[in-house]
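Working through the structure, step by step
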Amino acid sequence: MYFTDALGTPFQPDPAARIVSLVPSITELLCDLGLAGQVVGRTGFCIHPAAQVASIAKIGGTKDVNLEKIRKLAPTHLVVNIDENEKPTVDALAAFVPHIVVTHPVAPRDNLALARLMGGIFCAGEKAEAWCADFEAEYAALQALPKGRPATVLYCIWQDPWMSISADTYIARMMAEIGWSVPQLGDPARDATRYPCFTWSEQLVARIDGVLLSTEPYRFTEVHADALEKQIGKPVYLVDGEMMSWYGSRSLAGLRYLRAMAQSASMF
């Protein structure tokens, strides 16, 4: 049996795999599937679950990895993500890592295929299926909620420069589950970036119902939210970036987090 990644590359199950993960949320998923003992390397941003990742070697960040450290770990498999990892880095690692597993979940239900891919390649299929059942239960609970009022919400991930998200991102599709859409920023015919920069204007503020400031990758705080709300005169809320953007294991808590937001009718 073969399992196919986001680029269509087939992989055979390998019970003896030595894994380096450059994706924090997938490192957490691998550990939750009982594979922590086979993860030989992880980034410094792979912080969950804390007790298990503490014993896994750090090999740099998601974009500035230490190639020689990884070479010495002799991994058989490298797990990467199209959004989080840079192609030149992955190409350099492909020179000595036999199997590069590329992931690219862009919607909540993509977590099912992701869990089955990790479980299939690394021989944790039963645990992956149990996790998928838990996901389906959380997703069904979210879908059972009464639909709220649609809202246009600007989700901010950075400032200096200000950056947001486009509609084809995982975060935007999480928001869409509760009827929230993101505004189009820039000219889609000329600018197809999934994480666009923008500047504040009266025209932009007039098109939105409110703003969400994420706690990651920029560390927005309630102080930022209060100041921006006074500046633009629209509701601004701080949201947990892990709950909104981490696929894999954290998506279960993410769906519950979304459900709580959907039940807060007074947000927008």
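Residues numbered from 1 in each chain as written. Predicted model: local features only at pLDDT ≥ 70, side-chain atom pairs only at ≥ 80, totals over all residues. Heavy atoms only, no water.

**Considerations on the packing of aromatic side chains**
Using the criterion set out here, one finds 11 aromatic pairs in the structure. Where Phe135 meets Tyr139, the ring centres are 6.1 Å apart and the plane angle is 15°; that geometry is what we call stacked. Linking Phe135 with Tyr139, this pair stays in helix α6 (residues 125–143), spanning four residues, or about one helical turn. Accessibility expressed as a relative area gives 13% for Tyr139, which makes it buried. (Phe/Tyr/Trp six-rings, centres within 6.5 Å; stacked < 30°, edge-to-face > 60°. Helix = DSSP H or I, 4+ residues; strand = E, 2+ residues; numbered from the N terminus. Buried < 20%, exposed > 50% of the residue type's maximum accessible area, 1.4 Å probe, protein only.)

**As for the pairing of strand β10 (residues 210–214)**
The element β10 is largely enclosed, with a buried count of five among its five residues. By the alternation rule, side chains of β10 split into Gly210, Leu212 and Ser214 and Val211 and Leu213, which are all buried. Sheet analysis places strand β8 (residues 151–156) next to β10, joined by four bridges and oriented parallel. Bridge pairing in β10 places Leu154 opposite Val211. Bridge count between β10 and strand β11 (residues 236–239): four bridges; the pairing is parallel. Bridged to Leu213 within β11 is Leu238. (Pairing = 2+ DSSP bridges.)

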